[in-house]
Amino acid sequence: MSKFSGTASFQKMLAFGVGERRGLILACLILLFVLLVATWLITNTSQQRLIEFKSQEIANVVATQARTARSVYTTSVVAKLKKEGFGARIDSADHIGSVPIPAQFLKQLAANSSVEHEDAFQFRPLSKWNLSPDQGLKDDFQVWAWEQLEQQQSNTPEGIVDWEPVWRIENVGGQNALRYMVADPAANASCVNCHNSLEQTPEIQAMRRDAGTELNKMWQLNDLMGALEVIVPVHESSALAAAQTRSGLFLVLAVAITGILLVLGISAFDGARALAVTKDLEVKARTDSLTGLPNRAGLKAKVDALLRTSTSASQHAVMLLDLNDFKRINDTLGHHIGDEVLREVAVRLQALIAPPSVFGRLGGDEFVVFLNNVNNQQVINTARAINQALDANIEVDQYRLKSNASIGISMMPGDSQNLSEALRCADVAMYCAKRAKTGYKFYHLDNDHNNLNSLSIITDFKAALDNDGLSMVYQPKFDFERGVVSGAEALLRWEHPERGMISPDRIIPMAEQSDQIMALTRWTVDTSLRQLKQWHDAGRDLKMAVNLSAQMLNADETVVMLLELLEAHDIQSHHLIIEVTETAVMHDSKKAIELLERLRSAGVGISLDDFGTGYSSLSYVNNLPINELKLDRSFSYNLSRRKNKAIVKAVIDLAANVGVELVLEGVEDAGSLALLLDSGGTQMQGYYLCKPIAGDLLTEQLDDLNAVALDWAERKYGGRNLRAA
Ligand code: C2E
Ligand code: CA
Ligand code: CA
């Protein structure tokens, strides 16, 4: 499931990428707009400033030149004529030897230059105190500018005024122009005197009266007598500047658009790459990397697609294959050999399963085959064909391996409606096939204790527990160092009236789930200790090993209950051994270890069962309060294999180093026994030595079994340490 949601989230990620790209485009456009406006504003104002500055400079030059010309006229023309008895006068045209006064000269200069330089500038002298009608203040700018100049004078009551020109850009005759006015003050005494005398003339007095200005004005040096106005047209420079601004903007626009296109291109490329990566991940998420087959997610996708197109009349089968000896191959020969076996299984299945049927690997040694639209006979044929194909030896490196499969079959829609339900049912059937060693088995409701129908089995179990329906069998434990049967392991049995023998591997989880485990454990320990007491009473010095489930390891009452039972049966605590599995201890290690420590200090023996299957490290074992290790029975098989032998030897050494007993279980034949003895093993259990049997039977056989123990011990140790000795 997580793989699917992983793929979905990748798609989400991709969708987010598209949204992001849209945002990016929008941001780029906004940025472009801001950039253009800012460029326009900055260029425009700076060019405008430049134009104004340059125009002012022109106006300044024109005004200065004009005053200089007048000054030259005054000092070298007027003054010379005056010296020679002539001079300047307003009506000079009517008098021989007279020239126009400087003011008239200036006016003439202005008129002539303005005509000559029409496009570049115009200037004219003017004054509020005009002496000629065309020199007065006529328009808004002139009135405003004169007032500004007057203010400059009134701000400096005495002394020389530092005149500042005033200006503004205005529309003159339909075009923009800089209008500039600078003061033309009374510059020397002769000028002042001349004007003061003029003020006294009847013509001027009449003019003053007409204009409503002050009569008999008395001029002083530096007074604002007149001003020069210069007009510099700016429309041409403005047009030039505008053209430049435009080309600047075009450049910015071109660069920005290129940038945006580039960004969009890159982001589109990224999007395409993300899509490709997503596709790739999707494929990977649905493929088993070892075999290249569909994995759980890939199978689900394929099966879902097939189911969508199937009709209500069609029947399908889901087969769950589990390789029978794969764990041992993996553990003993290493993962690379195991991997080769899995690849070979994939190849063999490939030859048998034709499309549209599909198959894949769930993980580990579990394969799934989905047979599309099949009848029961076809399913059986396929299952047999698979069994047959996997039966043939698999050759890897120098090994010839056998890894036949147990196949559980669930029919759709008969047993299940969807793939996950079908897999659960096929799993139940697969375990039945494994137990029955039949190669394949169809799912059957009766075998399914997770099914609601298993409620009946729980009810049956409670009844069995209450009414002596359960029993214990005992498997003797052999001590070949001393040549005796040193004890027995108590194992639970339940013969169901209809379902037959039910394995403790199924009873224990069921008891745990239905809160019966405490009662069941009390019953098993009580029954086993009663048996042990009988043996003790008969003079047999035996110990009893009882299995404790994971849940019991976490129950506070366990210790008290065990000690109570020991006392009730009058048995010394060191005669009881508690077997706990590595995985159960690791499950909630702190609490479990606490409980074991309490039992240990009360004298009860603690054995770590199925050692080697729980992946606990050796240092971890060292810290546990145990006095016995029970090596898992899978290590006692195939002892001819070098690796298994090495493991057994290593564990024997480990046990000796840590100072705990070591029990080897699963001894199934004489060869294994000999090899285990050879490796240094001394304590053993197994079908070859004795199967788990009823207490009475074991009582009967004890002497014979002791004889067997002695016999093997003598072969091995030649009479040393032996019981007889
Ligand atoms: P276990 O504690 O590892 O018990 C040994 C299992 O190996 C027993 O299976 C026994 O019958 C089987 N066995 C003995 N010798 C050989 C052999 O040479 N070859 C093979 N292949 N198997 C051998 P069983 O009785 O079916 O018990 C299975 C498991 O159920 C036990 O594994 C133990 O974990 C659990 N169990 C059994 N009785 C009880 C019980 O009373 N209480 C609890 N909590 N668990 C129990
Ligand atoms: Ca055990
Ligand atoms: Ca075991």
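Predicted, not measured: the structure shown is a model, and the values here were computed from it. Every chain is numbered independently, its residues counted from 1 as its sequence is written. Throughout, the order in which chains and ligands are written sets their labels, letters from A for the former and numbers from 1 for the latter. Given that this is a predicted model, residues contribute local features only at a pLDDT of at least 70 and side-chain atom pairs are listed and counted only at 80 or more, while totals for whole chains, interfaces and linings are drawn from all residues. Neither water nor hydrogens contribute to the side-chain values; these are computed over all heavy atoms in the structure.

*Asks:* Whenever I open this one, the overall build of the protein chain confuses me. Can you help?
*Replies:* Across its full length, the protein chain carries 22 helices and 23 strands. Atoms counted for the radius of gyration: C-alpha only. Globule rule: 2.2 Å times residue count to the power 0.38. For 725 residues, the compact-globule estimate of 2.2 N^0.38 gives 27 Å, and the protein chain exceeds it by more than 25% at 58 Å. In terms of its C-alpha atoms, the protein chain occupies a principal-axis envelope of roughly 175 × 65 × 50 Å. Exposure is judged per residue with a 1.4 Å probe applied to protein chains only, and the accessible area is read against the type maximum: over 50% gives exposed, under 20% gives buried, and values in between give partly exposed. Evaluated residue by residue, the protein chain yields a buried proportion of 44% over its 725 residues. Here a residue-residue contact requires only that any non-hydrogen atoms of the pair lie within 4.5 Å. A separation of at least 24 residues holds for 67% of the contacts in the protein chain among residues at least 6 apart in sequence. Accessible surface computed for the protein chain: about 37,600 Å², of which carbon and sulfur atoms make up 55%. Here a helix means four or more residues in a row that DSSP labels H or I, a strand means two or more in a row labelled E, and each is numbered from the N terminus. Only the protein chains shown count as covering a residue, and every accessible area follows the Shrake-Rupley method with a 1.4 Å probe.

*Asks:* Just to check I follow, could you spell out the domain arrangement of the protein chain for this structure?
*Replies:* One frequently used descriptor of interface size is the decrease in accessible area upon assembly of the parts. An automatic or database domain assignment supplies the residue ranges for each domain. Under the domain assignment, the protein chain is made up of domain 1 (290–448) and domain 2 (464–712). Taking only C-alpha atoms, the centre of domain 1 and the centre of domain 2 are 35 Å apart.

*Asks:* Is there a simple way to think about the coordination of the calcium ion (ligand 3) in this case?
*Replies:* Geometry reference: four tetrahedral donors at a metal, ideal angle 109.5 degrees. Six octahedral donors, ideal angles 90 or 180 degrees. Around the calcium ion (ligand 3), the donor atoms from the protein are D609 (OD), D610 (OD), E665 (OE) and E665 (OE), and they sit 2.1 to 3.1 Å away. Keep in mind that water is not among the atoms, so a site may look incomplete; donors are the N, O and S atoms within 2.8 Å of the metal, or 3.2 Å for Na, K and Ca. We note that the donor set of the calcium ion (ligand 3) lies within a single chain, spaced as D-D-x54-E.

*Asks:* Quick question: what am I supposed to make of the pattern of salt bridges here?
*Replies:* Pairing is possible between side chains of opposite charge, provided their charged atoms come close. By definition here, a salt bridge exists when the distance from a side-chain nitrogen of Lys or Arg to a carboxyl oxygen of Asp or Glu is within 4 Å. The tally for this structure, following the rule as stated, stands at 32 salt bridges. Between K80 and E84 there is a salt bridge, with its nearest N and O atoms 2.6 Å apart. K80 sits in the partly exposed class, given a relative accessible area of 47%. Close ionic contact of K630 with E665 constitutes a salt bridge, the shortest N to O distance being 4.0 Å. Of this pair, K630 sits in strand β20 (residues 628–631) while E665 sits in the loop between β21 (661–664) and α21 (670–679), and the two are 35 residues apart along the sequence. Comparing K630 with E665, the two get one shared label, buried.

*Asks:* I tried to follow unusual backbone geometry on my own but got confused; where do I start?
*Replies:* Along the chain, P355 connects to P356 via a cis peptide bond; the corresponding omega equals 10 degrees. Mapped onto the elements of the fold, P356 is located in the loop between α9 (335–352) and β8 (358–363). Backbone torsion omega between M412 and P413 reads 5 degrees, so that peptide bond is classified as cis. Looking at the element boundaries, P413 is found in the loop between β12 (405–412) and α11 (419–436).

*Asks:* Explain the pairing of strand β9 (residues 366–371) to me, please; I cannot follow it from the model alone.
*Replies:* Looking along a regular strand, one sees the side chains alternate between the two faces of the sheet. The buried count for β9 comes to five of six residues, which makes it a mostly enclosed element. When β8 meets β9, the two strands line up antiparallel, connected through five bridges. Bridge pairing links V358 to F370 in β9. Two strands form a pair only when DSSP identifies at least two bridges running between them. Joining the antiparallel neighbours β8 and β9 is a turn of two residues, in which G364 adopts a positive phi near 55 degrees.

*Asks:* Can you help me understand the environment of L36 in this one?
*Replies:* Note on placement: L36 falls in helix α1 (residues 2–83). Note on L36: relative accessible area 21%, which makes it partly exposed. Residues L36 and L654 lie 618 residues apart in sequence; the distance between their C-alpha atoms is 82 Å. L36 has contacts with L249, V252 and L253, leaving out every residue within four places of it along the chain.

*Asks:* Any chance you could explain the site of ligand 1 here in plain terms?
*Replies:* Summary of the distance rule: residues count as near a molecule or strand when at least one heavy atom falls within 4 Å of that molecule or strand. Near ligand 1 you find 23 residues, and of these R493, D609, R633, E668 and Y687 are the closest. Definition of a polar contact: a pair of N or O atoms within 3.5 Å, with one able to donate and the other able to accept a hydrogen when the atoms are protein atoms, and with sequence-neighbouring residues admitted only if both atoms are side-chain atoms. Y687 is positioned with one of its backbone polar atoms (N or O) 2.7 Å from an oxygen atom of ligand 1. In isolation ligand 1 has 790 Å² of accessible area, and contact with the protein removes 88% of it. Here the element with the most residues in the shell around ligand 1 is strand β15 (residues 484–496); it accounts for four residues. In the scheme used here, Gly and all other residues not listed as nonpolar or charged are polar, with Ala, Val, Leu, Ile, Met, Phe, Trp, Tyr, Cys and Pro taken as nonpolar and Asp, Glu, Lys and Arg as charged. For the shell around ligand 1, the class distribution of residues is nine nonpolar, six polar and eight charged.

*Asks:* Is there a simple way to think about the coordination of the calcium ion (ligand 2) in this case?
*Replies:* Coordination of the calcium ion (ligand 2) by the protein is provided by E489 (OE), N547 (OD1), E579 (OE) and D609 (OD), with metal-donor distances spanning 2.1 to 2.3 Å. Read from N- to C-terminus, the donor residues coordinating the calcium ion (ligand 2) fall into the pattern E-x57-N-x31-E-x29-D. The two metals, the calcium ion (ligand 2) and the calcium ion (ligand 3), are separated by 4.2 Å and share D609 as a common coordinating residue. One end of the pair, E579, is in strand β18 (residues 576–581); the other, D609, is in strand β19 (residues 605–611), with 30 residues separating them in the sequence. The class of E579 is buried, set by a relative accessible area of 2%. Since its relative accessible area comes to 7%, D609 is described here as buried.

*Asks:* Explain the sheet that holds strand β4 (residues 166–172) here, please?
*Replies:* The strands making up a sheet associate through backbone hydrogen bonding, with each pair oriented either parallel or antiparallel. The strand order across the open sheet formed by four strands is β3-β6-β5-β4, and the pairing between neighbours is antiparallel. Every other strand in the sheet has two partners, leaving β3 (122–126) and β4 as the edge strands with one partner each. If you compare each strand with its neighbour and ignore which way they point, the axes differ by 25 degrees on average. Where β4 lies against strand β5 (residues 175–184), seven bridges are found, and the strand directions are antiparallel. Bridging across to β5, R168 finds its partner in R179. Between the N-to-C directions of two axes lies an angle of 0 to 180 degrees, each axis being a line fitted to C-alpha atoms and, for a helix, fitted only over the stretch in contact.

*Asks:* Got a minute to help me understand the environment of Q152 in this structure?
*Replies:* Its place among the elements puts Q152 in helix α3 (residues 140–155). Under the relative-accessibility criterion, Q152 is labelled buried at 17%. Between the C-alpha atoms of Q152 and A111, which are 41 residues apart in sequence, the distance is 28 Å.

*Asks:* Hey, could you run me through the side chain of S357 in this one?
*Replies:* Position of S357 among the secondary structure elements: in the loop between α9 and β8. Ignoring any residue separated from it by four or fewer positions in sequence, one finds S357 in contact with F370, L371 and N372.

*Asks:* Looking at this structure, I do not really get the packing of aromatic side chains. What am I missing?
*Replies:* For any two aromatic rings, the description comes down to two numbers: the centre-to-centre distance and the angle of the planes. Each pair of aromatic rings taken from Phe, Tyr and Trp, with Trp reduced to its six-membered ring, is defined by centres within 6.5 Å and is described as stacked if the planes are under 30 degrees apart, edge-to-face if over 60, and tilted in the remaining cases. In this structure the tally under the stated criterion is seven aromatic pairs. Seen from their ring centres, Y73 and F105 are 4.0 Å apart, and the 5 degrees between their planes marks the pair as stacked. Of the two residues, Y73 sits in helix α1 while F105 sits in helix α2 (residues 102–116), which places them 32 residues apart along the sequence. Note on Y73: relative accessible area 9%, which makes it buried.

*Asks:* Help me out: how do you make sense of the side chain of H496 in this one?
*Replies:* Residue placement: H496 occurs in strand β15. Taking the relative accessible area as the measure of exposure, H496 reaches 2% and is therefore buried. A polar atom in the side chain of H496 sits 2.7 Å from the side chain of D460. Excluding its chain neighbours within four sequence positions, the residues that come into contact with H496 are I457, D460 and I502.

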